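# Commentary on secondary and tertiary structure
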Amino acid sequence: MLSMRDSKRDSKAAELAKVAAVIAAEDERRARLEAAKEAALSRARAAARRLRNSRERPAQAAAVHPETTTLAVVEAAAIEAARLPITAFTPRTALAVDEMLARDLHAALDAAALSALGGGEKLPPTGVPTSMSLCGELKHTTTCLGTYMLAPQRTAHGKPVWKHASEDKWIAWASVGEWMVQRGANVGVNDAGFMTLQDTSASLPHQSSADWEEVDGKGWQKAPSCKCFGDVPTSMSLCGELKRMTTCLGTYLLAPQRTANRKPVWRHTSADRWIAWATDGKWKVQEGVDVGVNALGFMRLETASLPHQSSADWEEGDGKGWQKALSCKCFGDVPNSMSLCGELKRMTTCLGTYLLAPQRTANRKPVWRHTSADRWIAWATDGKWKVQEGVDVGVNALGFMRLETASLPHQSSADWEEGDGKGWQKAPSCKCFGDVPTSMSLCGELKRMTTCLGTYLLAPQRTANRKPVWKHATEDRWIACISTGIWKVQEGVDVGVKDAGFMTLQDTTASLPHQSSAVWEEYDFRV
């Protein structure tokens, strides 16, 4: 019996020693990352100082000191580039750390350096859309349709570049002097592509009135309905009080396969309703068969801008004419849900998930209703976001919690405050998250950490490093963001406190775990 107890004790001690070794290795890895980052930053600072102290003219300095040209940028730019989270490069060794960091740092500085020297590629000018949406009907290259996000770390021939949200497709300026949809490997290298826009008069793709062309295996064919739009919302939410056309309320998603009269189109998520530019030059809520064909519709908005940008009143048809719907408003890219999470001393009933309430607005802003309590996130009459009771929404400034910000609640870095009966007290751990899943399911084959598999539920009482947290349904396992910006499966005592964990997702580009295409890793206690 004694020998068995001793054996178990020795085995447990050995296991703990392995865990300690893994943690020590993780600490060493992070230390190497920090050291590499500081080394690269020092090189950038030195290069900037050499340029400032140089007696040559900038162009001459570029020719005489090519290594300075690469990093010749004011110190502030170097600091900003090196301020990126060290785990953004997900290296595995000290050598990889330095190589990958140097590559990304140099890429970030190249454009600024060459621009400062008066030649070469320049940074994207202000006013460049952060997104491009390519919409319309295509016969061959339908995978090119959709939304592209600005890639700030890349340029091509002095022009900005946008990457497709889910495909290896890039909108870039090709070597032939045309905008093209290309593969990433071709960007800035050659003129191979899937689509082309032959227009040299427009500075950016969304400013062109020319027709896009798609390749069909033999040559280029015009796609006259295809159009590129800059910074259009991928969703529209039509909210407010209506007397008749209540089926028009709700969320509409951008329909990349269609345009109407050279404008983007959004389709309702559950009904045959479309927000489209009608033939009479007005925005209408129409049936699909009428889109781009006529001026029939259930609702209309007289404005030249996009629907969410307009201050004009929507009108609904009543069978005889058009009646104003004064409380109705269209919002671009607002979350369908808000999750208010964190630690509160008094107003714990405010925590949880709120769903967009399309039947209501408050002071021309969207409203979200708690899934189980009479709590609403709404824009109060005093110009602040409040958690209110339903009777107060849009009527007064009473509330249980408040957030002083002009943006939407989930976009704010300000602290929520809770009322304590005497005044307002900051709740620094409290944060509002837009469209986060109320559950996460971690599935797959694991060799050791099988207890990590299963379903995790959103824990509204906690946050970790300003991110939401999910708790396993039956185990002491939590999906949480650690201090270095990566996701881990941890024990509850480590959440928001330590970086120890059982599994890790080495990806800082994805805002939430389910959005990542990176591979989860499990610890096997081997160093």
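This text follows the structure it describes.
The sections below set out a description of the structure shown in this document.

Conventions adopted
- Residues numbered from 1 in each chain as written.
- Predicted model: local features only at pLDDT ≥ 70, side-chain atom pairs only at ≥ 80, totals over all residues.
- Heavy atoms only, no water.
- Helix = DSSP H or I, 4+ residues; strand = E, 2+ residues; numbered from the N terminus.
- Buried < 20%, exposed > 50% of the residue type's maximum accessible area, 1.4 Å probe, protein only.
- Contact = heavy atoms within 4.5 Å.
- Areas by Shrake-Rupley, 256 points an atom, 1.4 Å probe, with all protein chains shown as cover.
- Pairing = 2+ DSSP bridges.
- Axes fitted to C-alpha atoms, helices over the stretch in contact; angles between N-to-C directions.
- Lys, Arg positive; Asp, Glu negative; His and termini not counted.
- Salt bridge = Lys/Arg side-chain N within 4 Å of Asp/Glu carboxyl O.
- Phe/Tyr/Trp six-rings, centres within 6.5 Å; stacked < 30°, edge-to-face > 60°.
- Lys NZ or Arg CZ within 6 Å of the ring centre and 35° of its normal.

## Focus: the overall build of the protein
Along the protein, the regular secondary structure elements total five helices and 34 strands. Within the span of the protein, comprising 527 residues, buried residues form 47% of the whole. Contacts in the protein between residues far apart in sequence, at least 24 positions, make up 43% of those at least 6 positions apart. Accessible surface, the protein: about 25,700 Å² in total, of which carbon and sulfur atoms supply 52%.

## Some details on the sheet that holds strand E33 (residues 503-505)
Strand order across the open sheet formed by seven strands is E28-E29-E30-E31-E32-E33-E34, with antiparallel pairing between neighbours. Only two strands of the sheet have a single neighbouring strand rather than two, namely strand E28 (439-442) and strand E34 (520-522). Taken pair by pair, the neighbouring strands of this sheet meet at an average axis angle of 30 degrees, ignoring direction. Pairing geometry for strand E31 (residues 478-481) and strand E32 (residues 487-490), over four bridges, is antiparallel. Of the residues in E32, the one forming a bridge with Cys481 is Trp487.

## Looking at the side chain of Asp507
Here Asp507 lies in the loop between E33 and E34. Buried charge without a salt bridge: Asp507, with Lys467 as the nearest opposite-charge side chain at an N-O distance of 10 Å.

## Structural notes on the sheet that holds strand E22 (residues 376-379)
With antiparallel pairing, the nine strands of this open sheet are ordered in space as E26-E25-E24-E23-E22-E21-E20-E19-E27. Only two strands of the sheet have a single neighbouring strand rather than two, namely strand E26 (424-427) and strand E27 (431-434). Strand after strand, the sheet turns through a mean of 30 degrees between neighbouring axes, direction not considered. Here strand E20 (residues 352-362) pairs with strand E21 (residues 365-370) via five bridges, running antiparallel. Each bridged residue has a counterpart across the sheet, and for Leu356 the counterpart in E21 is Trp368.

## Things to note about the pairing of strand E19 (residues 337-341)
Burial runs high along E19: five of the five residues are buried. Residues Ser337, Ser339 and Cys341 line one face of E19 and the alternating positions Met338 and Leu340 line the opposite face, and both faces are buried. Where E19 meets E20, four bridges bridge the pair, whose relative direction is antiparallel. The partner of Met338 across the bridge, within E20, is Tyr354.

## Thoughts on unusual backbone geometry
One non-glycine residue, Asn465, adopts positive backbone phi at about 55 degrees. Positionally, Asn465 belongs in the loop between strand E29 (454-464) and strand E30 (467-472).

## Things to note about the packing of aromatic side chains
Going through the model one piece at a time under the given rule, you end up with seven aromatic pairs. Summarising the aromatic geometry, the rings of Trp277 and Trp283 are spaced 5.3 Å apart at their centres and angled 70 degrees between planes, so their arrangement reads as edge-to-face. In this structure Trp277 comes out as buried when scored by relative accessible area, which is 13%. With a relative accessible area of 0%, Trp283 lands in the buried category. Following the ring pairs from residue to residue traces out a cluster consisting of Trp162, Trp173 and Trp179. Over the face of the ring belonging to Phe298 we find Arg273, whose NZ or CZ atom lies 3.9 Å from the ring centre.

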